[in-house]
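# Understanding the architecture of this molecule
One letter stands for each residue in the lines below.
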Amino acid sequence: MKNKIKLNEETNHNWKYEDKQYMKELTKFLDLTEQIKDEKLREEIIGQMLRCDMELTIFAEKKILDK
């Protein structure tokens, strides 16, 4: 029987931060958003990207556990 973990907002998703390419792309994205003058727009864009990232992370973890 597979060892299932609870996949939700409380799950530790730090495994992805060990990937150098992921961190490079994340850093580049955040650097680019610093050029956005409108603070509210910048925060909305970053927030939306983080929500997308979380959804993709949860999806990937579920797929890994289903193998």
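Right, let's walk through the structure included here. (Residues numbered from 1 in each chain as written. Predicted model: local features only at pLDDT ≥ 70, side-chain atom pairs only at ≥ 80, totals over all residues. Heavy atoms only, no water.)

On to the environment of His13, then. Looking at the secondary structure, you find His13 in the segment before helix H1 (20-33). Along the primary structure His13 and Glu61 are separated by 48 residues, whereas in three dimensions their C-alpha atoms are 9.0 Å apart. (Helix = DSSP H or I, 4+ residues; strand = E, 2+ residues; numbered from the N terminus.)

Our focus in this paragraph is the pattern of salt bridges. Taken as a whole, this structure holds 2 salt bridges when the rule is applied. A salt bridge links Lys16 to Asp53, with the nearest nitrogen and oxygen atoms 2.4 Å apart. Pair noted here: Lys16 is in the segment before H1 and Asp53 is in helix H2 (residues 39-66), with a separation of 37 residues, a long-range link. The class for Lys16 is buried, based on a relative accessible area of 5%. The salt bridge partner of Glu39 is Arg42, with a shortest N-O separation of 2.1 Å. Of this pair, Glu39 and Arg42 are both found in helix H2, 3 residues apart, which corresponds to roughly one turn of the helix. Using a relative accessible area of 41% as the deciding quantity, one classes Glu39 as partly exposed. (Salt bridge = Lys/Arg side-chain N within 4 Å of Asp/Glu carboxyl O. Buried < 20%, exposed > 50% of the residue type's maximum accessible area, 1.4 Å probe, protein only.)

Now for the side chain of Thr57. By secondary structure assignment, the location of Thr57 is in helix H2. In this structure Thr57 touches His13, Trp15 and Lys16, once residues within four positions along its chain are discounted. (Contact = heavy atoms within 4.5 Å.)

The next subject is H2. The terminal C-alpha atoms of H2 lie 41 Å apart, and with 28 residues this matches the ideal 40 Å at 1.5 Å per residue to within 8%. Within H2 the residues assigned to the buried category are Arg42, Gly47, Asp53, Met54, Thr57, Ile58 and Glu61. Against the buried residues of H2 lie H1. (Expected span 1.5 Å × (residues − 1).)

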